[in-house]
Amino acid sequence: MKTKRRLIFPTLMVLLLAAIAACMMVIGRGHTVYLDNKTLEDYNGQTCKAFDRVVVTVKGEEVARGEILVDYYLALEPSNPTGEIDGIETVEPAYGIPSRWILPENKEMAEIYGYTVIDPLSVMQTHLSEVVRRHAYELLGRAEVMQLVENLKNSAPELVEEAIPNVLSYANLERILRNLLKEGVPIRDLGTILETAIDSMSNTKDLDMVCENIRVALSRTITRRFCEHGQLRVVTLDAEVEKRVIGSLSKNEQGIYLAMGPDLMQGIVNQLAEYLKKFNDLSQTPIVLTSQVIRVYLSRMLSQFYPGVYVLSFNEITNDVQIQSLGNITLDTTPARPERRAARV
């Protein structure tokens with residue numbers, strides 16, 4: 001059985017890598033994924049084969065790497081395990097969760113102790129999928145945007161004719177789509193994106209505001225993207241914090257920007273760090289829920305410290321979702337207790 005696993009897992013991983021690499025080559029030049037073999041010593045002093053240096057590059061620059069042990073399972077450590085399992089300590093590559101590579105015969109016991117056990121192929125697939133998702137905005141160029149528009153012409157030629165280039169240039173559309181992708185918003189509904197852009201640009205030329213209006217129009221898409229089982233777990237901002245953030249907004253010739261004082265910024269960042277542990281324990285995507293007025297500016301600020309945190313506005317969440325607050329960021333440095341909020345009606 002062990003010999004069979006050694007044959008199956010490497011083969012499947014190579015096929016998976018080849019498929020993702022082919023997709024990245026189609027999307028654009030300079031995006032690659034490769035691996036090297038390496039022999040490691042496990043916790044019993046025995047040797048094991050690993051795919052060392054699984055590296056993903058975008059535009060020639062490395063964006064991610066990981067390590068896979070093909071004869072082992074990856075056990076994600078829970079916050080309070082009922083027992084400890086022997087294994088090679090590591091970090092889950094996609095989300096940075098402390099983990100251990102364990103032998104197949106220890107899989108059942110690890111699950112009893114509360115560990116989440118994943119096979120190596122799924123570890124590889126999740127890692128590469130997450131890397132591609134996080135860097136999707138970098139893979140989208142002018143040629144890809146023009147191709148998307150050409151595809152839309154087949155179903156909505158009048159919409160495309162009205163929008164491009166009379167209202168929206170390809171350059172501005174590319175910027176809008178890249179902004180959406182960068183914050184994890186799918187762009188499959190290009191028709192709604194163009195329609196909303198046309199309506200918004202009759203009132204403003206600020207592409208940030210246009211993007212915010214588009215996000216509201218894509219509320220069902222955003223809700224489906226981040227909601228799990230009809231529930232959305234979030235961290236919220238206290239009303240006084242929101243007022244302070246709004247008061248920090250300034251405007252110049254380039255547009256509106258956030259000029260937040262260091263004390264307020266540090267307070268928000270430090271409190272959010274505590275709440276991220278709760279998201280990690282729940283294996284949930286960290287989300288900050290705030291008003292539409294400050295969403296984009298707060299998102300840009302937080303992305304400098306926590307690239308994996310998503311900032312959503314109340315306007316982007318559909319009414320049939322139950323919102324559970326894991327905490328509230330206040331002007332006080334002491335994190336507030338979690339509270340449950342009923343679904344909005």
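Right above here is the structure, for reference.
Let me sum up the structure you'll find in this document. (Residues numbered from 1 in each chain as written. Predicted model: local features only at pLDDT ≥ 70, side-chain atom pairs only at ≥ 80, totals over all residues. Heavy atoms only, no water.)

1. Brief notes about empty space enclosed by the protein
Worth spelling out the cut-off: Buried and open spaces are told apart on a 1 Å grid over the protein atoms alone, a cavity being a set of points where a 1.4 Å probe fits but cannot get out and a pocket being an open set with protein on both sides within 12 Å along at least five of seven lines. Residues with an atom within 4 Å of a point are the lining residues. Grid points are joined across faces, edges and corners, and a volume is the space filled by probe spheres set on the points. To qualify as a helix, a DSSP run of H or I must reach at least 4 residues; to qualify as a strand, a run of E must reach at least 2; elements of each kind are numbered from the N terminus.
Taken as a whole and assessed by the stated rule, the structure comprises 1 cavity of 30 Å³ or more. Lining the largest cavity are Phe226, Glu228, Gln231, Leu232, Arg233, Gln284, Thr285 and Ile287. Ranked by the residues each element gives to the lining of the largest cavity, the list is headed by strand 8 (residues 231-237), at 3 residues.

2. Section: the pattern of salt bridges
We apply this condition: In what follows, salt bridge is the name for a side-chain nitrogen of Lys or Arg lying within 4 Å of a carboxyl oxygen of Asp or Glu. Exposure is judged per residue with a 1.4 Å probe applied to protein chains only, and the accessible area is read against the type maximum: over 50% gives exposed, under 20% gives buried, and values in between give partly exposed.
Inspection of the entire model under this criterion finds 14 salt bridges. Measuring nitrogen to oxygen at the nearest pair gives 4.0 Å for the salt bridge that ties arginine 215 to glutamate 183. Remark: glutamate 183 occurs in the loop between helix 7 (170-182) and helix 8 (190-201) and arginine 215 occurs in helix 9 (residues 207-217); sequence separation between them is 32 residues. Relative accessible area serves as the criterion here: at 1%, arginine 215 is assigned to the buried category. For glutamate 240, the salt bridge identified is with lysine 243, shortest N-O distance 3.6 Å. Of this pair, glutamate 240 and lysine 243 both sit in helix 11 (residues 239-247), 3 residues apart, which is roughly one turn of the helix. Since its relative accessible area comes to 54%, lysine 243 is described here as exposed. Where salt bridges share partners, they join Glu183, Glu212, Arg215, Arg295 and Glu316 into one cluster.

3. Regarding helix 10 (residues 219-226)
Heads up, the condition is: For this analysis, residues touch if any pair of their heavy atoms sits within 4.5 Å.
Listed as buried for helix 10 are Ser219, Thr221, Ile222, Thr223 and Phe226. Buried residues in helix 10 make contact with helix 9, strand 8, strand 11 (287-290) and strand 12 (310-313).

4. So, the environment of glycine 247
Looking at the secondary structure, you find glycine 247 in helix 11. Between the C-alpha atom of glycine 247 and that of methionine 260, which follows or precedes it by 13 residues, the distance is 8.6 Å.

5. Details of the nonpolar core
Test applied: For our purposes a nonpolar core is just a set of buried Ala, Val, Leu, Ile, Met, Phe, Trp, Tyr and Cys residues, chained together by side-chain atoms within 4.5 Å.
Counting 41 residues, the largest nonpolar core has Leu173, Ile176, Leu177, Leu180, Ile193, Leu194 and Ile214 as the members making the most contacts within it. The greatest single-element share of this core, amounting to 6 residues, is contributed by helix 8. Those residues in contact with leucine 173 that lie beyond four places of it in its chain are Val145, Val149, Ile164, Leu168 and Leu194. Counting 22 residues, the second largest nonpolar core, distinct from the first, contains Val241, Leu264, Val288 and Leu326.

6. Notes on a negative patch on the surface
To be explicit about the condition: The patches described consist of residues with a relative accessible area above 30% and no salt bridge, like charges being joined within 9 Å and nonpolar side chains (Val, Leu, Ile, Met, Phe, Trp, Tyr) within 5 Å. Areas reported here follow the Shrake-Rupley algorithm with a probe of radius 1.4 Å; residue values treat only the protein chains shown as occluding. Positive charge is attributed to Lys and Arg, negative charge to Asp and Glu, and no charge count is given to His or to the chain ends. A single reference atom marks each charge: NZ on Lys, CZ on Arg, CG on Asp, CD on Glu.
Together, Glu162, Asp189, Glu195 and Asp199 make up a region of like negative charge exposed at the surface. Owing to a relative accessible area of 34%, aspartate 189 belongs among the partly exposed residues under this scheme.

7. With respect to the side chain of glutamate 316
Inclusion rule: We define a polar contact as two N or O atoms separated by no more than 3.5 Å, with the added condition that, inside protein, one atom must be a possible hydrogen donor and the other a possible acceptor, whereas residues neighbouring each other in sequence contribute only through side-chain atom pairs.
Relative to the assigned elements, glutamate 316 resides in the loop between strand 12 and strand 13 (322-329). With a relative accessible area of 0%, glutamate 316 lands in the buried category. For glutamate 316, the side chain forms a polar contact with the side chain of arginine 295, separated by 3.5 Å. Once residues lying within four places of it in the same chain are set aside, the contact partners of glutamate 316 are Glu212, Arg215, Val216, Ser219, Ile222, Thr223 and Arg295.

8. A word on the layout of surface pockets
Under the convention used in this document: Charged means Asp, Glu, Lys or Arg here, nonpolar means Ala, Val, Leu, Ile, Met, Phe, Trp, Tyr, Cys or Pro, and polar covers whatever is left, Gly included.
When its volume is computed, the second largest pocket comes out at roughly 410 Å³. Lining of the second largest pocket is provided by 15 residues; of these, Ala136, Leu140, Leu181, Pro186 and Ile187 occupy positions nearest its centre. Secondary-structure elements contributing two or more residues to the lining of the second largest pocket are helix 3 (120-134), helix 4 (136-139) and helix 5 (142-153). Residue classes in the lining of the second largest pocket are distributed as 10 nonpolar, 1 polar and 4 charged.

9. A word on unusual backbone geometry
Omega for the bond connecting isoleucine 164 with proline 165 falls within 30 degrees of zero, at 0 degrees, which places this linkage in the cis form. Considering the arrangement of structural elements, one finds proline 165 in the loop between helix 6 (157-163) and helix 7. With a phi angle near 55 degrees, histidine 229 is a residue other than glycine that sits in the positive phi range. Within the element layout of this structure, histidine 229 appears in the loop between helix 10 and strand 8.

10. Things to note about the sheet that holds strand 4 (residues 73-76)
The cut-off we apply is this: Being paired, for any two strands, means DSSP has found at least two bridges between them. All axes here are fitted lines through C-alpha atoms, helices being fitted over the stretch that makes contact, and every angle between N-to-C directions spans 0 to 180 degrees.
With antiparallel pairing, 4 strands are arranged side by side in an open sheet as 5-6-4-7. Edge positions in the sheet fall to strand 5 (88-91) and strand 7 (116-118), since each of these pairs with one other strand and no more. Adjacent strand axes in the sheet meet at a mean angle of 30 degrees, parallel and antiparallel pairs treated alike. The pairing of strand 4 with strand 7 spans 3 bridges and is classified as antiparallel. Among the inter-strand pairings, leucine 74 is bridged to a residue of strand 7, identified as isoleucine 118. On top of the sheet, helix 3 reaches strand 4, strand 6 (98-102) and strand 7; it is set at about 90 degrees to strand 7, its chief contact.

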